[in-house]
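# Structural overview
Chain residues, written in single-letter form:
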Amino acid sequence: MSAEAAIDTLFEAARGWYEGLPAMAGFAPWPEGLERVDLPPQSQPALRDFVAHPGETTAQGRALLQATLAAAPYLHWCTAYDEAEVGRNFLDRFCFCELASPVGHFHAPDARITLAYWGPGLWYDWHWHKAEELYSVVSGGAEFLAQGLPDAHLGPEDTRLHTSDQPHAMRTHDAPVLTLVAWRGGDMTQKPDIGS
Ligand code: ZN
(Lines give C-alpha, C1' and ligand atoms only; values in the text may rest on other atoms or scores of the structure.)
Protein backbone atom coordinates (compact mmCIF):
# COMPACT_ATOMS: atom_id res chain seq x y z
CA MET A 1 0.00 0.00 0.00
CA SER A 2 1.33 3.48 -0.86
CA ALA A 3 1.85 6.09 1.83
CA GLU A 4 -1.10 8.10 0.52
CA ALA A 5 -3.38 5.08 0.47
CA ALA A 6 -2.31 4.07 4.00
CA ILE A 7 -2.99 7.58 5.33
CA ASP A 8 -6.34 7.78 3.50
CA THR A 9 -7.33 4.40 4.94
CA LEU A 10 -6.33 5.61 8.41
CA PHE A 11 -8.36 8.80 7.99
CA GLU A 12 -11.47 6.81 7.06
CA ALA A 13 -10.91 4.32 9.90
CA ALA A 14 -10.57 7.23 12.35
CA ARG A 15 -13.76 8.74 11.00
CA GLY A 16 -15.61 5.43 11.41
CA TRP A 17 -14.34 5.14 14.97
CA TYR A 18 -15.21 8.76 15.80
CA GLU A 19 -18.70 8.63 14.36
CA GLY A 20 -19.33 5.25 16.01
CA LEU A 21 -18.77 6.64 19.51
CA PRO A 22 -21.74 8.81 20.55
CA ALA A 23 -19.60 10.90 22.94
CA MET A 24 -17.17 11.78 20.14
CA ALA A 25 -19.79 12.40 17.48
CA GLY A 26 -21.61 14.67 19.97
CA PHE A 27 -18.45 16.56 20.96
CA ALA A 28 -17.87 18.08 17.52
CA PRO A 29 -18.77 17.01 14.01
CA TRP A 30 -16.08 15.20 12.07
CA PRO A 31 -14.45 17.92 9.90
CA GLU A 32 -15.52 17.73 6.26
CA GLY A 33 -13.82 18.50 2.97
CA LEU A 34 -10.25 18.46 4.24
CA GLU A 35 -7.24 18.74 1.94
CA ARG A 36 -4.27 16.51 2.52
CA VAL A 37 -1.09 18.29 3.71
CA ASP A 38 2.23 16.94 2.49
CA LEU A 39 3.81 16.27 5.90
CA PRO A 40 7.01 14.24 5.67
CA PRO A 41 7.28 11.01 7.65
CA GLN A 42 8.91 11.53 11.05
CA SER A 43 9.68 8.62 13.34
CA GLN A 44 9.96 8.56 17.13
CA PRO A 45 11.56 5.98 19.45
CA ALA A 46 8.13 5.07 20.89
CA LEU A 47 7.03 3.61 17.55
CA ARG A 48 9.10 0.51 18.31
CA ASP A 49 7.02 0.03 21.49
CA PHE A 50 3.81 0.67 19.57
CA VAL A 51 4.52 -1.97 16.92
CA ALA A 52 5.63 -4.51 19.54
CA HIS A 53 2.89 -3.67 22.09
CA PRO A 54 -0.12 -2.05 20.40
CA GLY A 55 -2.47 -3.08 23.22
CA GLU A 56 -5.71 -5.05 23.25
CA THR A 57 -8.77 -3.67 21.58
CA THR A 58 -12.36 -4.50 20.70
CA ALA A 59 -13.87 -5.52 17.36
CA GLN A 60 -14.76 -1.87 16.81
CA GLY A 61 -11.22 -0.72 17.58
CA ARG A 62 -9.47 -3.27 15.39
CA ALA A 63 -9.93 -1.36 12.10
CA LEU A 64 -8.46 1.83 13.54
CA LEU A 65 -5.62 0.03 15.33
CA GLN A 66 -4.67 -1.92 12.18
CA ALA A 67 -4.89 1.20 10.02
CA THR A 68 -2.69 3.12 12.49
CA LEU A 69 -0.07 0.35 12.47
CA ALA A 70 -0.14 0.19 8.66
CA ALA A 71 0.23 3.97 8.27
CA ALA A 72 2.71 4.41 11.14
CA PRO A 73 5.87 4.45 8.94
CA TYR A 74 4.41 7.28 6.81
CA LEU A 75 3.08 9.53 9.56
CA HIS A 76 4.69 12.64 11.06
CA TRP A 77 5.10 11.58 14.71
CA CYS A 78 5.91 14.22 17.35
CA THR A 79 6.57 14.43 21.08
CA ALA A 80 5.93 18.18 21.63
CA TYR A 81 7.53 18.36 25.09
CA ASP A 82 11.14 19.03 26.04
CA GLU A 83 13.33 16.64 28.00
CA ALA A 84 13.48 19.20 30.84
CA GLU A 85 9.69 19.07 31.11
CA VAL A 86 8.99 15.33 30.97
CA GLY A 87 12.32 13.46 31.05
CA ARG A 88 14.08 11.29 28.46
CA ASN A 89 12.22 8.07 29.29
CA PHE A 90 8.87 9.73 28.63
CA LEU A 91 10.05 11.18 25.30
CA ASP A 92 11.33 7.75 24.24
CA ARG A 93 8.03 6.04 24.98
CA PHE A 94 5.36 8.59 23.99
CA CYS A 95 4.44 9.95 20.58
CA PHE A 96 1.50 11.47 18.78
CA CYS A 97 0.55 12.55 15.30
CA GLU A 98 -1.84 15.18 14.05
CA LEU A 99 -4.42 13.55 11.81
CA ALA A 100 -6.64 16.58 11.19
CA SER A 101 -5.60 20.01 12.47
CA PRO A 102 -4.12 23.32 11.28
CA VAL A 103 -0.87 21.32 10.86
CA GLY A 104 -2.15 18.24 8.96
CA HIS A 105 -2.09 15.42 7.92
CA PHE A 106 -5.40 16.79 6.70
CA HIS A 107 -5.76 20.55 7.01
CA ALA A 108 -8.56 21.49 9.44
CA PRO A 109 -8.26 25.15 10.55
CA ASP A 110 -10.75 24.86 13.43
CA ALA A 111 -10.38 21.27 14.58
CA ARG A 112 -7.73 19.01 16.03
CA ILE A 113 -7.81 15.22 15.96
CA THR A 114 -4.70 13.38 17.06
CA LEU A 115 -3.57 9.82 17.67
CA ALA A 116 -1.34 9.42 20.72
CA TYR A 117 0.51 6.42 22.17
CA TRP A 118 2.08 5.84 25.58
CA GLY A 119 4.06 2.71 26.42
CA PRO A 120 3.49 0.83 29.70
CA GLY A 121 4.59 2.25 33.04
CA LEU A 122 4.52 5.97 32.18
CA TRP A 123 3.39 8.98 34.16
CA TYR A 124 2.03 11.85 32.03
CA ASP A 125 2.30 14.79 34.37
CA TRP A 126 -0.45 17.33 35.10
CA HIS A 127 -1.08 19.63 32.15
CA TRP A 128 -3.78 21.93 30.79
CA HIS A 129 -4.79 23.89 27.72
CA LYS A 130 -7.51 26.30 26.62
CA ALA A 131 -9.25 23.94 24.18
CA GLU A 132 -11.75 21.40 25.47
CA GLU A 133 -10.62 17.85 24.86
CA LEU A 134 -12.24 14.48 24.45
CA TYR A 135 -10.07 11.37 24.77
CA SER A 136 -11.12 7.99 23.44
CA VAL A 137 -9.12 4.86 24.18
CA VAL A 138 -8.52 2.82 21.02
CA SER A 139 -6.37 0.04 22.52
CA GLY A 140 -4.78 -0.84 25.83
CA GLY A 141 -5.79 1.25 28.79
CA ALA A 142 -4.71 3.86 31.31
CA GLU A 143 -5.68 5.61 34.51
CA PHE A 144 -7.02 9.10 33.81
CA LEU A 145 -6.80 11.82 36.46
CA ALA A 146 -8.42 15.25 36.29
CA GLN A 147 -8.96 17.99 38.84
CA GLY A 148 -12.55 17.74 40.11
CA LEU A 149 -13.19 14.24 38.74
CA PRO A 150 -12.66 10.80 40.29
CA ASP A 151 -9.71 8.85 38.84
CA ALA A 152 -10.90 6.42 36.18
CA HIS A 153 -9.31 3.43 34.49
CA LEU A 154 -10.34 3.58 30.84
CA GLY A 155 -10.17 0.85 28.22
CA PRO A 156 -11.15 0.56 24.56
CA GLU A 157 -14.18 2.66 23.54
CA ASP A 158 -14.17 4.59 26.83
CA THR A 159 -14.06 8.40 26.60
CA ARG A 160 -13.09 11.23 28.96
CA LEU A 161 -13.82 14.96 28.63
CA HIS A 162 -11.44 17.68 29.85
CA THR A 163 -12.87 21.18 30.04
CA SER A 164 -10.99 24.39 29.21
CA ASP A 165 -7.83 24.69 31.35
CA GLN A 166 -8.90 21.76 33.58
CA PRO A 167 -5.65 20.16 34.81
CA HIS A 168 -5.38 16.48 33.87
CA ALA A 169 -2.80 13.69 34.01
CA MET A 170 -2.50 10.06 33.01
CA ARG A 171 -0.73 6.91 34.14
CA THR A 172 -0.18 3.67 32.23
CA HIS A 173 0.41 0.49 34.19
CA ASP A 174 1.19 -2.92 32.57
CA ALA A 175 -0.58 -2.03 29.32
CA PRO A 176 0.19 0.68 26.81
CA VAL A 177 -2.53 2.99 25.55
CA LEU A 178 -3.41 4.29 22.09
CA THR A 179 -5.91 7.15 22.09
CA LEU A 180 -7.75 9.22 19.53
CA VAL A 181 -8.18 12.72 20.90
CA ALA A 182 -10.36 15.61 19.69
CA TRP A 183 -10.14 19.30 20.63
CA ARG A 184 -12.71 22.07 20.22
CA GLY A 185 -12.47 25.82 20.93
CA GLY A 186 -9.24 27.56 21.92
CA ASP A 187 -6.02 27.56 19.95
CA MET A 188 -5.72 24.26 18.07
CA THR A 189 -1.93 24.63 17.98
CA GLN A 190 -1.38 25.39 21.70
CA LYS A 191 1.30 23.34 23.42
CA PRO A 192 -0.13 22.33 26.81
CA ASP A 193 1.33 23.86 29.96
CA ILE A 194 2.80 20.98 31.94
CA GLY A 195 4.11 20.47 35.47
CA SER A 196 2.67 19.77 38.90
ZN1 ZN B 1 -5.03 17.49 27.30
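In case you missed it, the structure is sitting above this.
Right, let's walk through the structure included here. All values derive from a computational prediction rather than experimental measurement.

This paragraph deals with the environment of Met24. Inspection of the secondary structure puts Met24 in helix H2 (residues 22-27). With relative accessibility at 0%, the residue Met24 sits in the buried group. Along the chain, Met24 and Glu83 lie 59 residues apart, while their C-alpha atoms are 32 Å from each other. Excluding residues that lie within four positions of it along the chain, Met24 makes contacts with Tyr18, Leu134, Ser136, Thr159, Leu180 and Ala182.

What follows deals with the coordination of the zinc ion. At 2.1 to 2.6 Å from the zinc ion lie its protein donor atoms, namely His129 (NE2), Glu133 (OE), Glu133 (OE) and His168 (NE2). Taken together, the four donor atoms coordinating the zinc ion and their angles of 54 to 138 degrees define a geometry best described as irregular. Each donor residue of the zinc ion belongs to the same chain, and together they define the spacing H-x3-E-x34-H. Of this pair, His129 sits in the loop between strand E6 (123-128) and strand E7 (132-140) while His168 sits in strand E11 (residues 168-171), and the two are 39 residues apart along the sequence. The same class applies to His129 and to His168, which are both buried.

Now for the pattern of salt bridges. The full count for this structure, using the stated rule, is 12 salt bridges. Note that Asp49 and Arg93 form a salt bridge whose closest N and O atoms lie 3.3 Å from each other. Of this pair, Asp49 sits in helix H3 (residues 46-52) while Arg93 is found in helix H6 (residues 88-93), placing the two residues 44 residues apart along the sequence. In this structure, a network of salt bridges that share partners links the residues Glu4, Asp8 and Arg36.

So, about the packing of aromatic side chains. Given two aromatic rings, one states the distance between the centres and the angle between the planes to describe the pair. Applying the stated rule across the entire model yields 14 aromatic pairs. Taking the centre distance of 5.1 Å and the plane angle of 55 degrees together, the rings of Phe50 and Tyr117 count as tilted. Of the two residues, Phe50 is situated in helix H3 and Tyr117 in strand E5 (residues 112-118); the sequence distance between them amounts to 67 residues. When its relative accessible area of 1% is taken as the criterion, Tyr117 is described as buried. Cluster of aromatic residues (ring-pair linked, three or more members): Tyr81, Phe90, Phe94, Phe96, Trp118, Tyr124, Tyr135 and Phe144. The positively charged end of Arg112 is found above the aromatic ring belonging to Trp183, 4.4 Å away from the centroid.

Among the eight residues that make up strand E3 (residues 94-101), eight are buried, leaving the element largely enclosed by the rest of the structure. Bridge count for strand E2 (residues 77-78) against E3 is two bridges, and the pairing is antiparallel. Looking at the pairing, Cys78 lines up with Phe96 of E3. In this structure, E3 lies alongside E5, joined through six bridges in antiparallel fashion. Across the sheet, the residue bridging to Ala100 is Ile113, located in E5. Relative to strand E4 (residues 106-107), E3 runs parallel, the two being bridged by two bridges. When the bridges of E4 are listed, Ala100 appears paired with Phe106.

Ranked by internal contacts, the top residues of the largest apolar core, which has 39 residues, are Leu10, Tyr18, Leu64 and Leu180. For this core, the leading source of residues is helix H1 (residues 3-20), giving eight residues. In this view, Leu180 contacts Ala14, Trp17, Tyr18, Met24, Leu64, Ile113, Thr114, Leu115, Leu134, Tyr135, Ser136 and Val138; residues no more than four positions away in its chain are not counted. Counting 24 residues, the second-largest nonpolar core is a separate cluster that includes Phe90, Phe96, Val137 and Phe144.

The next point concerns the packing of H1 against helix H4 (residues 59-71). Their axes nearest at 9 Å, the elements H1 and H4 cross at an angle of 155 degrees. Regarding the angle of H1 to H4, the classification is roughly antiparallel. Taken as a pair, H1 and H4 cross one another with a handedness that is left-handed. Between H1 and H4, the residues in contact are Ala6, Ile7, Thr9, Leu10, Ala13, Ala14, Trp17 and Gly20 and Gln60, Gly61, Ala63, Leu64, Ala67, Thr68, Ala70 and Ala71, respectively. Residue composition of the contact of H1 with H4, by class: 11 nonpolar, five polar and no charged.

Definitions and limits used
- Residues numbered from 1 in each chain as written.
- Predicted model: local features only at pLDDT ≥ 70, side-chain atom pairs only at ≥ 80, totals over all residues.
- Heavy atoms only, no water.
- Helix = DSSP H or I, 4+ residues; strand = E, 2+ residues; numbered from the N terminus.
- Buried < 20%, exposed > 50% of the residue type's maximum accessible area, 1.4 Å probe, protein only.
- Contact = heavy atoms within 4.5 Å.
- Donors = N, O, S within 2.8 Å, 3.2 Å for Na, K, Ca; no water.
- Tetrahedral: all angles 85-135°; square planar, octahedral: opposite > 155°, others 65-115°.
- Salt bridge = Lys/Arg side-chain N within 4 Å of Asp/Glu carboxyl O.
- Phe/Tyr/Trp six-rings, centres within 6.5 Å; stacked < 30°, edge-to-face > 60°.
- Lys NZ or Arg CZ within 6 Å of the ring centre and 35° of its normal.
- Pairing = 2+ DSSP bridges.
- Core = buried A, V, L, I, M, F, W, Y, C linked by side-chain atoms within 4.5 Å.
- Axes fitted to C-alpha atoms, helices over the stretch in contact; angles between N-to-C directions.
- Parallel < 35°, antiparallel > 145°, perpendicular 65-115°, else oblique.
- Left-handed = near helix turned anticlockwise from the far one by under 90°.
- Nonpolar A, V, L, I, M, F, W, Y, C, P; charged D, E, K, R; others polar.

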